[in-house]
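# Inside the fold
If you want the building blocks of each chain, they are given just below.
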Amino acid sequence: MDSKYFPEAPSPCFILEESLLRNNLQLIQRVQQEAGIEIILALKGFAMWSVFPIVKEYVNTSTASSLYEARLCFEEMHAKAHTYAAAFHPEEIDDILKYSSHITFNSVAQFELYKHKAATAGVSCGLRVNPEYSEVQTEMYNPCAPGSRLGLSVENLVDSLPEGVEGLHFHALCENDSYTLEHVLENFERLYGKYLSQCQWVNFGGGHLMTRKGYQIDHLIGILKSFKARYPHLKVIMEPGSAFAWETGHLIGTVLDIVNNKGVKTLMMDISFTAHMPDTLEMPYRPRIRGASDPVAGQATYRIGGVSCLSGDYMSEYSFEQEVGVGDRLLFEDMIHYTMVKTTMFNGVRHPAIAVLDSSGQLHIKRVFHYEDYKSRLS
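In short, a report on the structure. Every chain is numbered independently, its residues counted from 1 as its sequence is written. Given that the model is predicted, a residue must reach a pLDDT of at least 70 before its local features are reported, and side-chain atom pairs must reach 80 or more before they are shown or counted; all residues, however, enter totals for whole chains, interfaces and linings. For the side-chain quantities, the full set of heavy atoms in the structure was used; hydrogens and water were omitted.

Now for the pattern of salt bridges. Here, a salt bridge means any side-chain nitrogen of Lys or Arg that lies within 4 Å of a carboxyl oxygen of Asp or Glu. In the structure shown here, the tally under the stated rule is 17 salt bridges. We note a salt bridge from R30 to D218, for which the minimum N-O separation is 2.6 Å. On the criterion of sequence distance, the pair formed by R30 in helix α1 (residues 18–35) and D218 in helix α7 (residues 217–230) is long-range, its members being 188 residues apart. Several salt bridges share partner residues, and in doing so they unite E18, R22 and E57 into one network. A run of DSSP states H or I qualifies as a helix once it reaches four residues; a run of E qualifies as a strand once it reaches two. Both are numbered from the N-terminal end.

Take a look at the structure:
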């Protein structure tokens, strides 16, 4: 091992590769065009606004889950957002409507509270519903669990939608494939099909991991075409988050020390799993490290330790073909979607810089974080 991974970049650093992002965007554009639908970017999964000019070459706008996300869409994508929140704050609703073209409410009560403001602002209103079917295995990420607070269940609706509701929105997937979408749609139509004649649009939410290797794109396009044939009056919207930035970049970190206790060797990094890669502990999942594997007898094997004081801030052992030394860099694969938007400054540890490797191979440092960034978050 050595410092070969982007030696010109500060450490730690998130590095997005433009060519990989464009590959994903081209596939997303193909689905849009062939299926005749609209796909929009979910900012909750990817909000690296310095590359929004590239994203805008392929899609028109984004979905937002808060006032700040809606404003970011408006200011950096130069478009109004499709906004949904579990609940809207009365002090923010006017600004949210200013930055939104569509707004989805989580309850009829919230719709009734704000429908007149939305109508005055010319914003199309929708309701989020629970299709009551999901194949998400991790409970924390399952929006359709029994009793979920997200979306209306069918017993909360009567024979028709409230006057002024123009769309329905569901979200039931988490990095799932087109076959899961097919199953969700069957349940969605069974429960809510009778309301679709009253709608102008339907939003299939996120979690459609169409850029993952092996995803059946033709099957997805077929499902979408079939749905549109059944409901030709409806505009169909999808809002994936992970699919846009899936496997488009990395997190680079440096070994600061090697600790050996009770025969367990730990590479002490300048990064933190809890602060910089929280999904690895929350989901949980085991990140891929370039040049490393699961433990192999006879190879150099190490636990990977984060720099924070949290005792669980580590990943179990990885093996490397050669010894790792202090000063060597590790490259954590697929660390752009969701990872970047969920980072914190816990412990005040150094926050990863942000960089873009352009299509010509030139590295551009977009942001370096300093003490003032940490201090300004608190008072």
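Alright, that's what it looks like, and here's the rest.
Buried and open spaces are told apart on a 1 Å grid over the protein atoms alone, a cavity being a set of points where a 1.4 Å probe fits but cannot get out and a pocket being an open set with protein on both sides within 12 Å along at least five of seven lines. Residues with an atom within 4 Å of a point are the lining residues. Grid points are joined across faces, edges and corners, and a volume is the space filled by probe spheres set on the points. For the structure on display, the rule yields 1 cavity of 30 Å³ or more. Volume-wise, the largest cavity comes out at about 50 Å³. Along its surface, the largest cavity is lined by T63, H82, T83, Y84, H102, T104, H169, W201, N203 and E239. Secondary structure elements with two or more residues in the lining of the largest cavity: β5 (81–84), β6 (100–105) and β9 (201–203). Ranked by residues supplied to the lining of the largest cavity, first place goes to β5 with 3 residues. Class assignment of the residues belonging to the lining of the largest cavity gives a composition of 2 nonpolar, 7 polar and 1 charged. Side-chain classes are defined by residue name, with Ala, Val, Leu, Ile, Met, Phe, Trp, Tyr, Cys and Pro counting as nonpolar, Asp, Glu, Lys and Arg as charged, and the others, Gly among them, as polar.

Moving on: the layout of surface pockets. In this structure, the largest pocket encloses a volume near 1,100 Å³. Around the largest pocket, the lining comprises 45 residues; the ones closest to its centre are K44, Y141, H171, C174 and Y338. Considered class by class, the residues forming the lining of the largest pocket number 20 nonpolar, 12 polar and 13 charged. Put simply, the second largest pocket is a space of about 700 Å³. Contributing to the lining of the second largest pocket are 21 residues, with A47, W49, I354, R367 and F369 lying nearest its centre. In the lining of the second largest pocket, the residues fall into 12 nonpolar, 5 polar and 4 charged.

In short, geometric facts, not functional conclusions.
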